[in-house]
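# Survey of secondary and tertiary structure
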Amino acid sequence: MIGLDGFDPNIVESLMGAGELPHLGRLREMGGYARLGTTYPAQTPVAWSTFATGVNPGGHGIFDFLRRDPRTYLPEQTFVRYEQKNPFVPAKAINQRRGVPLWEELERMGVPSTILRLPCTFPPQTIYGRMLSGMGVPDLRGGFGTSTFYSSAADETAGEGERVERVRAESGGAIRMALLGPRNPKSGAETRVEVTLHPEPDGKSFMLLSEGEPKQLLLREGVWSDWLKVRFKTGLLQSARGMMRFHLIRSAPVFELYASPVNFDPEAPLFPIASPPDYARELTTQVGTFYTTGMVEDHGGLNNGRFDEAAYLSHCAEVIEERGRMMRYELEREEEGWFFCLFDTPDRVQHMFWRDGRGTIADHYRLCDQIIGRVMPFVDDRTLLIVLSDHGMNSFERGINLNTWLYEQGLLALRPGVSPGEEAGDLLQSVDWSRTRAYALGLSGIYLNLRGREEQGIVDAAEAVRLQSAIIGGLAGLGDAARDQAAVRSVMTREQLYSGPYAAESPDLLVNYAGGYRVSWATSLGGIPAGVFEDNVRKWSGDHLIDPLLVPGVLLMNRPFREAGAGLIDLAPTILTAFGGARNEWRKTMEGESLL
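Residues numbered from 1 in each chain as written. Predicted model: local features only at pLDDT ≥ 70, side-chain atom pairs only at ≥ 80, totals over all residues. Heavy atoms only, no water.

## As for the overall build of the protein
- A tally of helices and strands in the protein yields 16 helices and 33 strands.
- Relative to the compact-globule value of 25 Å for 596 residues, the protein shows a C-alpha radius of gyration of 24 Å, a close match.
- Principal axes of the C-alpha set define a box for the protein whose edges measure 70 × 70 × 55 Å.
- Residues classed as buried in the protein amount to 58% of the 596 residues present.
- Side-chain charges of the protein comprise 61 positive and 76 negative groups, with the mean position of each set lying 4 Å from the other. (Helix = DSSP H or I, 4+ residues; strand = E, 2+ residues; numbered from the N terminus. Rg over C-alpha atoms; globule rule 2.2 N^0.38 Å. Buried < 20%, exposed > 50% of the residue type's maximum accessible area, 1.4 Å probe, protein only. Lys, Arg positive; Asp, Glu negative; His and termini not counted. Charge placed at Lys NZ, Arg CZ, Asp CG, Glu CD.)

Listed below in structure tokens is the structure:
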């Protein structure tokens, strides 16, 4: 099974029809092709968790990239939580995805699994086989991907998800700077590793000198460097091993250097990223040093204008080739069982290049088709080959400030003297909870300020149904006067969408946007900007956070299958059936139906 994250059926069908995806076209002829129903919402962690467990999000508890803490109203990342009894013992990472995953059911059948980079598998559980965690693995600083930008300019300001460090050259042109690592668990101070950059005679490169590995690392303008591995001292006898790459933007007249997020060193990760634990080291030995963060592609650097499109595409090409080496290494020794490998890069390329038309995107689809071509020689008459995506893609032209709309409806109140805009800040910090009945946080949902659930809730259970109806009536079909069209197709309640033991953890309402629209950047982190609508001017111009009916994924198999109504929720039962599993066995934990 090969996952191509974000592969869109409209593009696939167009390119296949023109004969430009020959390997996928052959796969369709061997078995079949279908548009694959995704999840509500159509988000990567939600969709792949449903794929893995065969249940709706109410059965696995992943509803968004972010969720809110009802005690503080602050956002939390949804993949993993950390427990630390005291500063003297290491923190423990706990996977937040629940439900019974496919590989557990296969283990009961005596079938081994090899799983490469499936989202929401961090930290990995012990499995019968091998697993390398995917989306959900943090960087060494604890974020989704915190980069550092070094500049000699005095007025440089930080963009989203980055730190800016000002540097200056000494006599002779040498630059001393610090690499930023995790915080000390006892003092909270930021750990640093000092390095020195010495200019090379060509005037367009530097030699980075450090106590890391290698001790000398060449940085050339416009080229991604090799990996630098370093140790950050976090205690008297403790350290955290990390690694990063650099992109030297320019040497003069202004010095600018981009440093990638600090990845875990796969040979000694801060938290387990593989099962068995030494599997990450084995992969390093066999395929070379590789990215470990869950969000591998450094889209933040392009979004913040730190490097250009050519540098980003070069980076993506290296990432997909790295993943291809892992895939081939495993396929060459695979004899039986279930093999899964996810290629995330199609999703990231489309996010960043949608506005530019389909040229770059089509090129990337052709590259992915070549990946499938590399798989074909390993497929015999006893092998089921499945290629799928978790969702499709659409444009993102306008953002909707949900909290601002709630404010205008009188459902969200700000403290006296504060109005929507910069002074309202983010993280819902200016909200007057004593007068607020609903608020938005995350990428898809609205929460009611329920009494007894939220820390300062004021909405009684008896009022909740009426309040939901009022929000649905006002928001569904919301018109964008600037474009004379509806921006929201529908709003659905939790009860309409989710069932299962974790359904109550979801937002109360889910907003299904029209094509071209999406929740605004500010809304996701509890911002309340001025105005309900805003233009999206970022490089990130493609997205799938719209009505899931508009962004189905794709599904191809080398055997005939039931194409009508196929959904992600059906894939785990399909795989179990392929291995001879009886329906009455997996039906106890899964909702989907086999497509075979």
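## Digging into the packing of helix 8 (residues 309–333) against helix 10 (residues 358–375)
- For the pair helix 8 and helix 10, the least separation of the axes is 11 Å and the interaxial angle reads 15 degrees. The orientation of helix 8 with respect to helix 10, classified from their angle, is roughly parallel. Regarding helix 8 and helix 10, the two cross each other, and that crossing is right-handed. Across from L313, I320, E321, G324, M327, R328 and L331 in helix 8, the residues of helix 10 making contact are T360, H364, L367, C368, I371, R374 and V375.
- Residues of the contact of helix 8 with helix 10, tallied by class, amount to 8 nonpolar, 3 polar and 3 charged. (Axes fitted to C-alpha atoms, helices over the stretch in contact; angles between N-to-C directions. Parallel < 35°, antiparallel > 145°, perpendicular 65-115°, else oblique. Left-handed = near helix turned anticlockwise from the far one by under 90°. Contact = heavy atoms within 4.5 Å. Nonpolar A, V, L, I, M, F, W, Y, C, P; charged D, E, K, R; others polar.)

## Regarding helix 6 (residues 279–287)
- For helix 6, the complete set of buried residues consists of Y279, A280, L283, T284 and V287. The buried residues of helix 6 occupy one face: seen down the axis, they fall within an arc of 145 degrees.
- Against the buried residues of helix 6 lie strand 7 (113–116), strand 8 (129–132), strand 20 (274–275) and helix 8.
- Just beyond helix 6, the residue with positive phi is G288, at close to 100 degrees. (Arc of directions from axis to C-beta.)

## Focus: the environment of G142
- Mapped onto the elements of the fold, G142 is located in the loop between strand 8 and strand 9 (147–151).
- Note on G142: relative accessible area 54%, which makes it exposed.
- Sequence separation of G142 and V262 is 120 residues, and the distance between their C-alpha atoms is 9.6 Å.

## A short note on the nonpolar core
- In this structure, I2, L179, L197, F246, I446 and I471 are the most contacted members of the largest nonpolar core, which totals 140 residues.
- Among the elements that make up this core, the one with the highest residue count is helix 8 (8 residues).
- In contact with I2, other than residues within four places in its own chain, are M327, F339, C341, F343, I372, V375, I386, V387 and L388.
- With 32 residues, the next largest nonpolar core counts A34, W103, L118 and I127 among its residues. (Core = buried A, V, L, I, M, F, W, Y, C linked by side-chain atoms within 4.5 Å.)

## Overview of the sheet that holds strand 8
- Here 8 strands make up an open sheet; going across it, the order is 2-33-22-1-21-7-8-20 and the pairing mixed. Because the sheet does not close on itself, it has two edges, and the strands there are strand 2 (32–36) and strand 20.
- Strand direction decides the pairing type here: strand 8 and strand 20, joined by 2 bridges, are antiparallel. Bridging from a neighbouring strand, M131 pairs with S275 of strand 20.
- Sheet strands touched by helix 1 (residues 9–17): strand 2 and strand 33 (553–557). Its angle to strand 2, the strand with the most contacts, is close to 155 degrees. (Pairing = 2+ DSSP bridges.)

## Concerning the sheet that holds strand 11 (residues 175–183)
- Read from one edge to the other, the open sheet built from 4 strands follows the order 11-12-13-14, with strand pairing classed as antiparallel. The two strands at the open ends of the sheet, each matched to only one other strand, are strand 11 and strand 14 (216–220). Ignoring strand direction, the axes of neighbouring strands in this sheet form an average angle of 30 degrees.
- Sheet analysis places strand 13 (residues 205–209) next to strand 14, joined by 5 bridges and oriented antiparallel. Paired with M207 across the strands is L218, a residue of strand 14.

## Considerations on unusual backbone geometry
- Cis geometry marks the peptide bond from Y40 to P41, where omega comes out at -5 degrees.
- Within the element layout of this structure, P41 appears in the loop between strand 2 and helix 3 (44–53).
- Cis geometry marks the peptide bond from S275 to P276, where omega comes out at -5 degrees.
- Following the sequence through the fold, P276 ends up in the loop between strand 20 and helix 6.
- In this model, Y73 sits at a positive phi of 65 degrees, which is unusual for a non-glycine residue.
- For Y73, the position within the fold is in the loop between strand 3 (66–68) and strand 4 (75–77).
- Accessibility expressed as a relative area gives 2% for Y73, which makes it buried.
- One non-glycine residue with positive phi stands out, namely R117, at about 70 degrees.

## Focus on the pattern of salt bridges
- For the coordinates displayed, the defined rule picks out 47 salt bridges.
- The residue E20 makes a salt bridge to R366 at a minimum N-O spacing of 2.5 Å. Of this pair, E20 sits in the loop between helix 1 and helix 2 (22–30) while R366 sits in helix 10, placing them 346 residues apart in sequence.
- Residue R366 is classed as partly exposed on the basis of its relative accessible area of 28%.
- Residue R192 pairs with E165 through a salt bridge whose shortest N-O separation is 3.3 Å. Residue R192 is found in strand 12 (residues 190–199), and its partner E165 is found in strand 10 (residues 162–166); the two are separated by 27 residues along the sequence. (Salt bridge = Lys/Arg side-chain N within 4 Å of Asp/Glu carboxyl O.)

## Looking at empty space enclosed by the protein
- Within this structure, the stated rule accounts for 3 cavities of 30 Å³ or more.
- There is about 70 Å³ of room inside the largest cavity.
- In terms of lining, the largest cavity is formed by G61, F63, D64, L66, R67, T78, Y447, E505 and P507.
- Broken down by class, the residue content of the lining of the largest cavity amounts to 4 nonpolar, 2 polar and 3 charged. (1 Å grid on protein atoms, 1.4 Å probe; cavity = no way out; pocket = protein on both sides within 12 Å on 5 of 7 lines; lining within 4 Å. Points joined across faces, edges and corners; volume = space filled by probe spheres on them.)

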